[in-house]
Amino acid sequence: MLAIINAEIVPVSGDPISGGTVLVEDGRIVALGTDVDIPDGTRIIDAAGRTVTPGIVEAHAHVGISEQGLGAEGSDHNETTDPVTPHMRAIDGINPRDDAFREFREAGITSALVPPGSANLLGGSAVVIKCAGDIVDDMVMKDPAGMKAALGENPKGAYGKRQGKAPATRMGSAALLREALTAAAEYLEKKEKVEGGGDPPSYNAKHEAMIPVLRGEMPLRIHCHRADDIVTAVRISEEFGLKYTLEHVTEGQYVAELLAKHQVPCAVGPTLQHGSKVENRERDFRAPIALIRAGVPMCFTTDHPVVAGQFLPLTAGIAVSWGMDYDVALRCITLASAEHAGVADRVGSLEAGKDADIVIWSGDPLDYGTFADVTIIDGEIVYEREV
Amino acid sequence: MHAYIGAKIYPVDGPPIDDGVILVEDGKIAGIGGDLPIPDGVEVVDLSGKVIIPGLVDAHSHAGMWGDGEGEASQDGNERPGPITADVDAIDSVNPHHTSFASCREGGVTTVQIHPGSGNAIGGLCFAAKTAGEVVDDMVLKAPTGLKGALGENPKRGAGKDSPKTRMGTAALIRDYFARAREYGRKRDEGKSPDPDRGLENVLRVLEGEIPFRVHAHRSDDIVTAVRLCEELGIAYNIEHCTDGYLIAGFLGERGIAAHVGPGLSSRGKVETANRHEGNAAILAAAGVKVCLVTDHPFLDARYLMAYGGVAQKYGLSFEDTLRALTICPAESIGVDDRVGSLSQGKDADFLVLAGEPFSFKSPVLATFIEGVEVYTRPTL
């Protein structure tokens, strides 16, 4: 057992607890509060008045799959041989030895949703993992955790003029996406008819991968920056009755009411990115502030390595400097991110029964100068800062 | 004349002043201190509870010349075909209406040194400008301020089969071109007018000490190559990026080199940036290197330069050194410290009003002043 005592606990899901204890057993939080009995033999960590929060959750990070410092050799997130590759699985491209995992732990990031890239209209399935381990399969929290889709500049940039094949335009992207959804739906219909005596369709890996999306068992996670791409994502998803999330949502401020009406979960960012493309020219903190104001469920993302994941807490801090409520900003890198990734039953807040993913901070977790002093994943200390 | 009163002032070239006064007239600082008489008829602005620091100076920026949300049409940083484009001048690529200048003002950056890109071994002339204006020539503070050089991965990526394809190839090209420039200068001095060549003339300005060579180098071996080349040539120089500098801090410190460290807050996309470490600036400063924190805008959006300062401070750069690395140090490195980089009488009235102590999310830039004019006012979102 492990007990963190003398902590300024910020559970995120509830009121702060001053001078509290978090008790951990078998990788889970078993109790927290000011009146927690600590059994004999428990390992004690004295937080000495420092802030203790849930581990930070990255809702959209290409950690391990777009590796650092390796150039082209580290790039395994876009299978750019075909714009429709739903049968790719991010887990098959993740290298747990990517040094970025160390940076994540040092920054207090304990879990991440890793999607394929956005070059393809359907890029493959995402996976949610813990940020420590040697074998990716042992790190998995949820797999598959959504199907990556993309609209806007990236697919037409990867194909179109470059490869001499569709899509070359935004409408071409939308048409191919609809075609893939329709074909998969027909395949599913045939499969379902087998029980009623029909012939089974010949196996199709792409269509198989889309079945959980069509059945609403996992969301389509759609890359879109510009407001018109956001609207196209909503249009197509609503047409097919899908469960869906939006990724990036750079111009969300222009369509916040639409997103609120459909209650579309949005992972906003990478806000600190430079204007690498026309579609992200309006990146700043107007979108997140407008989305929160409109009541849209949202969280922040760095899109690591587009912005290094370690700067996710700093992103939330800058949002506060732009006027976002502090508690909301902290929620947008913890519980809201866990909700976005579909793992809020396990992480994102400090509650009895949840995974013991915990961070002890040297100061205010959102301030630029604050360190994660201790990072704990599943009750194990995975990082401790040398002072 | 305006008097800004009540704020805590960090002049940078002197101790902090609580409840200070800055008098501004005709775009210049007419007076600064804790107990200044305010002349009659002066418009008084009460900034009690706020903090004033000098406008930030960014010694490595591509403001106005690089994509930044405008795509291919605004990619004006690297002239092709390279690898030697010593004849080009960054000023001819800069659009004052580009969004990047608004980003600079929002982030409190009032002076930039704008470089050509690092795609070429010798990339062209750099210049220094203020970040507000309609006509680039009116924004110029000093031109030229240096000649851009580049080592490492970028120049190797040049088009087709042209050299350089290796690091030694890049160094050889630079050596050869400088040797030609020296020859060109000798002929000129002997009264044999050589065929006019603007590229060689620009290199001659480096050889004759008018401007420094500003060399892009990330990896420690590239940094050492830059030092080797520049010492061989006997020219003034500084290192741009200096990502691996902390690995050879003593080597750089004993030479008193200026390092333009950045872009901050970035990931490690390239092999040559694999050793990126947030403690680089602090380690270099401790070794005696003149550290300037730079954005390399757009690679770090100039809006976040102050946050980058916060991160450098977090990893050991002292508060004073961080402030200096964003103001007076880059002003000196660019050669414009007679005008900007600190708040003292006679200097340009380039200053920022912050909500509180610098380098915290609690202290956004509330207003940016350039030569006494408020060029940015924080909007309420």
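Residues numbered from 1 in each chain as written. Chains lettered and ligands numbered in written order. Predicted model: local features only at pLDDT ≥ 70, side-chain atom pairs only at ≥ 80, totals over all residues. Heavy atoms only, no water.

Caption draft 1: Spatial organisation of the overall build of chain A. Looking only at helices and strands, chain A has 12 helices and 18 strands in total. Against the 2.2 N^0.38 benchmark of 21 Å for 387 residues, chain A shows a C-alpha radius of gyration of 21 Å, consistent with a compact globule. If you line up chain A on its principal axes, its C-alpha atoms span 65 × 50 × 45 Å. Counting the 387 residues in chain A, one finds 60% classified as buried. Restricting the contact set of chain A to residue pairs at least 6 apart, pairs at least 24 apart contribute 66%. For chain A, the computed accessible surface area is about 14,500 Å², with 46% contributed by carbon and sulfur atoms. In chain A, the 35 positive side-chain charges and the 57 negative ones have mean positions that sit 8 Å from each other. (Helix = DSSP H or I, 4+ residues; strand = E, 2+ residues; numbered from the N terminus. Rg over C-alpha atoms; globule rule 2.2 N^0.38 Å. Buried < 20%, exposed > 50% of the residue type's maximum accessible area, 1.4 Å probe, protein only. Contact = heavy atoms within 4.5 Å. Areas by Shrake-Rupley, 256 points an atom, 1.4 Å probe, with all protein chains shown as cover. Lys, Arg positive; Asp, Glu negative; His and termini not counted. Charge placed at Lys NZ, Arg CZ, Asp CG, Glu CD.)

Caption draft 2: How the structure looks around the overall build of chain B. The helix and strand tally for chain B stands at 11 helices and 17 strands. On C-alpha atoms alone, chain B measures out to a radius of gyration of 21 Å, which is about the 21 Å that the 2.2 N^0.38 rule sets for 381 residues. The C-alpha extent of chain B, read off along each of the three principal axes, is 65 × 45 × 40 Å. Partitioning the intrachain contacts of chain B with sequence separation of at least 6 by distance along the chain shows that 66% fall at a separation of at least 24. Surface accessibility of chain B: about 13,900 Å² in total, with carbon and sulfur atoms responsible for 48%. Put simply, chain B has 37 plus and 54 minus side-chain charges, and the middle of one group is 8 Å from the middle of the other.

Caption draft 3: Representation of the sheet that holds strand β13 (residues 244–248) of chain A in the model. Residue and element names in this part refer to chain A. Taken in spatial order, the 6 strands make up an open sheet running β8-β11-β12-β13-β14-β15, and their pairing is mixed. The sheet is open, and its two edges are formed by β8 (122–125) and β15 (298–300), each paired on a single side. Going across the sheet, the axis of each strand differs from the next one's by a mean of 20 degrees, ignoring polarity. The sheet contact formed by β13 and strand β14 (residues 266–268) spans 3 bridges and is parallel. (Pairing = 2+ DSSP bridges. Axes fitted to C-alpha atoms, helices over the stretch in contact; angles between N-to-C directions.)

Caption draft 4: Fine view of the sheet that holds strand β2 (residues 8–9) of chain B. Residue and element names in this part refer to chain B. Read from one edge to the other, the open sheet built from 5 strands follows the order β2-β6-β15-β16-β17, with strand pairing classed as mixed. Each end of this open sheet is capped by a strand with a single partner; those strands are β2 and β17 (373–377). Pairing of strand β15 (residues 351–354) with strand β16 (residues 365–370) involves 4 bridges; the strand directions are antiparallel. Paired with Val353 across the strands is Ala367, a residue of β16.

Caption draft 5: Molecular detail of the nonpolar core. If you look at the biggest cluster of nonpolar residues, it comprises 178 residues, and the most contacted ones within it are A:Leu246, A:Leu259, A:Phe300, B:Phe178, B:Phe213 and B:Leu265. By size, the runner-up hydrophobic cluster in this structure holds 17 residues, among which are A:Ala7, A:Val52, A:Ile360 and A:Ile376. (Core = buried A, V, L, I, M, F, W, Y, C linked by side-chain atoms within 4.5 Å.)

Caption draft 6: Quick peek at helix α7 (residues 227–239) of chain A. Residue and element names in this part refer to chain A. The terminal C-alpha atoms of α7 lie 18 Å apart, and with 13 residues this matches the ideal 18 Å at 1.5 Å per residue to within 8%. Residues of α7 that are buried include every one of Ala227, Asp229, Ile230, Thr232, Ala233, Val234, Ile236 and Ser237, and no others. Buried residues belonging to α7 abut α5 (170–193), β12 (220–224), β13 and α8 (256–262). Within two residues after α7, Gly241 carries a phi angle of roughly 65 degrees, on the positive side. (Expected span 1.5 Å × (residues − 1).)

Caption draft 7: Seen up close, the pairing of strand β3 (residues 21–25) of chain B. Residues and elements named next belong to chain B. Counting buried residues in β3 gives 4 out of 5 residues, a clear majority hidden from the surface. Note: strand β1 (residues 2–5) against β3, 4 bridges, orientation antiparallel. Counted as the bridge partner of His2 is Val24 from β3. Relative to strand β4 (residues 28–33), β3 is paired through 5 bridges, and the arrangement is antiparallel. If you follow Ile22 over to β4, its bridge partner there is Ile32. In textbook terms, the turn of a hairpin is the stretch between consecutive antiparallel strands, and for β3 and β4 this stretch comprises 2 residues, one of which, Asp26, has a positive phi near 50 degrees.

Caption draft 8: Structural context of the packing of helix α4 (residues 167–189) of chain B against helix α5 (residues 198–207) of chain B. All names here are of chain B. Packing of α4 against α5 brings their axes to within 8 Å, and their N-to-C directions diverge by 90 degrees. Relative to α5, α4 is oriented roughly perpendicular. Contacts from Tyr177, Phe178, Arg180, Ala181, Arg182, Tyr184, Gly185 and Arg188 in α4 reach Gly199, Leu200, Glu201, Val203, Leu204, Val206 and Leu207 in α5. Residue composition of the contact of α4 with α5, by class: 9 nonpolar, 2 polar and 4 charged. (Parallel < 35°, antiparallel > 145°, perpendicular 65-115°, else oblique. Nonpolar A, V, L, I, M, F, W, Y, C, P; charged D, E, K, R; others polar.)

Caption draft 9: Seen up close, the state of the cysteines. Here the structure, examined in full by the defined rule, presents 0 disulfides over all chains. Summary of cysteine pairing: B:Cys242 is not part of a disulfide, and the nearest cysteine sulfur, belonging to B:Cys292, is at 11 Å. (Disulfide = S-S within 2.5 Å.)

Caption draft 10: The side chain of B:Asn238, seen in detail. When you line up the elements, B:Asn238 lands in strand β12 (residues 237–241). Polar contacts involving the side chain of B:Asn238 include one to the side chain of B:His260, which spans 3.3 Å. (Polar contact = N/O pair within 3.5 Å; in protein donor to acceptor, adjacent residues only side chain to side chain.)

Caption draft 11: Geometry of unusual backbone geometry. Residues A:Asp143 and A:Pro144 are joined by a peptide bond in cis, for which omega reads 0 degrees. Within the secondary structure, A:Pro144 is located in the loop between β10 (140–142) and β11 (147–150). Cis geometry is found at the peptide bond from A:Gly269 to A:Pro270, where omega equals 5 degrees. With respect to the helices and strands, A:Pro270 occurs in the loop between β14 and α9 (286–294). Phi at B:Asp26 is positive, roughly 50 degrees, even though this residue is not glycine. Following the sequence through the fold, B:Asp26 ends up in the loop between β3 and β4.

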